Amino acid sequence: MSPVEQGFLDLAVRLAVENVAAGGGPFGAVVVRDGEVVATGVNRVTAQNDPTAHAEVQAIRAACTALGSFSLAGATLYSSCEPCPMCLASSLWARVDRVLFAADRDDAARGGFDDRAFYELFDTPRDRWSVPVRQRRDENSPAPFDAWLASAARVDY
């Protein structure tokens with residue numbers, strides 16, 4: 001990792017530490033494109049009563065707003081901690097080129113943020129999940145996608 005990249009990762013860690021001091025969770029994230037910080041984010045789950053307000057998601061949302069695009073192709077996401085499955089999926093949907101993180105899922109678990117349970121859940125067949133996730137398909141199930149495919153105004157992503 002170059003010294004510049006280490007600086008961006010250090011910024012994500014610093015944001016996380018500062019967020020703890022401000023009453024937030026211990027997570028920070030930075031989106032960088034072309035060597036410039038596009039946006040940052042910190043964990044705002046309890047402050048906003050929003051379980052999706054993780055640092056990475058906050059940074060991705062802010063970066064997309066700043067760039068006026070839903071694609072962050074060409075960008076790197078730096079995170080103070082290994083992204084949870086939701087944040088990792090958000091990174092993939094945002095099409096970042098890379099994700100670099102400092103602490104890992106075991107560090108997060110030690111701090112009371114045990115994402116390992118989610119990783120393990122995804123490796124378990126759905127019929128054994130504690131929360132039922134089931135399909136109920138009928139003739140109208142594909143209607144939204146039929147409408148999408150027929151729409152001349154759609155923006156493919």
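Cut-offs and rules
Residues numbered from 1 in each chain as written. Predicted model: local features only at pLDDT ≥ 70, side-chain atom pairs only at ≥ 80, totals over all residues. Heavy atoms only, no water. Core = buried A, V, L, I, M, F, W, Y, C linked by side-chain atoms within 4.5 Å. Buried < 20%, exposed > 50% of the residue type's maximum accessible area, 1.4 Å probe, protein only. Helix = DSSP H or I, 4+ residues; strand = E, 2+ residues; numbered from the N terminus. Contact = heavy atoms within 4.5 Å. Expected span 1.5 Å × (residues − 1). Patch = residues over 30% accessible without salt bridge, like charges linked within 9 Å, V, L, I, M, F, W, Y side chains within 5 Å. Areas by Shrake-Rupley, 256 points an atom, 1.4 Å probe, with all protein chains shown as cover. Salt bridge = Lys/Arg side-chain N within 4 Å of Asp/Glu carboxyl O. Polar contact = N/O pair within 3.5 Å; in protein donor to acceptor, adjacent residues only side chain to side chain. Pairing = 2+ DSSP bridges. Axes fitted to C-alpha atoms, helices over the stretch in contact; angles between N-to-C directions.

I'd like a description of the nonpolar core, backed by residues and values.
Core analysis: the largest hydrophobic core is formed by 16 residues, its most contacted members being Ala 29, Val 31, Ile 60, Ala 63, Leu 72 and Ala 94. Going through the elements one at a time, β1 (28-33), α3 (55-67) and β3 (75-81) are the ones with two or more residues in this core. Counting residues per element, this core draws most heavily on α3, at five residues. If we skip the residues at most four places from it in the chain, Leu 72 touches Val 31, Arg 33, Ile 60, Ala 63, Cys 64, Leu 67, Ala 94, Arg 95, Val 96 and Asp 97. Among the nonpolar cores identified, the runner-up in size contains 10 residues, and Ala 12, Val 30, Val 42 and Tyr 78 belong to it.

Pulling in residues and values, what's your account of the side chain of Asn 19?
Topologically, Asn 19 is positioned in helix α1 (residues 3-21). With residues up to four places along the chain from it excluded, the contact list for Asn 19 reads Gly 24, Gly 25, Phe 27, Val 42, Asn 43 and Arg 44.

Describe α3, with residues and values.
Compared with the 18 Å implied by 1.5 Å per residue over 13 residues, the 18 Å span of α3 between its first and last C-alpha is a close match. Of the positions making up α3, those classed as buried are Ala 55, Glu 56, Val 57, Gln 58, Ala 59, Ile 60, Ala 63 and Cys 64. Contacts from the buried residues of α3 go to β1, β2 (36-42), α2 (45-48), β3 and α4 (85-94). Of the residues one or two after α3, Gly 68 is the one with positive phi, at around 65°.

With reference to specific residues and values, describe a nonpolar patch on the surface.
Judged by side-chain polarity, Phe 70, Trp 93, Trp 148, Leu 149, Val 155 and Tyr 157 come together as a nonpolar surface patch covering roughly 700 Å² of accessible area. Topologically, Trp 93 is positioned in helix α4. The class of Trp 93 is exposed, set by a relative accessible area of 56%.

Tell me what's going on with the side chain of Ser 71, and back it up with residues and numbers.
Following the sequence through the fold, Ser 71 ends up in the loop between α3 and β3. In this structure the side chain of Ser 71 is engaged in a polar contact, spanning 3.2 Å, whose partner is the backbone nitrogen of Ala 73. Aside from chain neighbours lying at most four places away, what touches Ser 71 is Arg 33, Ala 94 and Arg 95.

Pulling in residues and values, what's your account of unusual backbone geometry?
Of note in the backbone geometry, Asn 49 takes a positive phi value of approximately 50° without being a glycine. By the secondary structure assignment, Asn 49 is in the loop between α2 and α3. Unusually for a residue other than glycine, Arg 95 sits at a positive phi of about 65°. Topologically, Arg 95 is positioned in the loop between α4 and β4 (98-103).

Would you mind going over the sheet that holds β4 in detail, with residue names and values included?
Strand order across the open sheet formed by four strands is β2-β1-β3-β4, with mixed pairing between neighbours. The sheet terminates laterally at β2 and β4, the two strands that pair on one side only. Averaged over all neighbouring strand pairs, the angle between strand axes comes to 15°, with direction disregarded. Of the strand pairs in this sheet, β3 and β4 are connected by five bridges, and their pairing is parallel. Across the sheet, Leu 77 pairs through a bridge with Val 99, a residue of β4. The sheet contacts of α3 involve β1, β2 and β3, and relative to β2 the element is tilted by about 140°.

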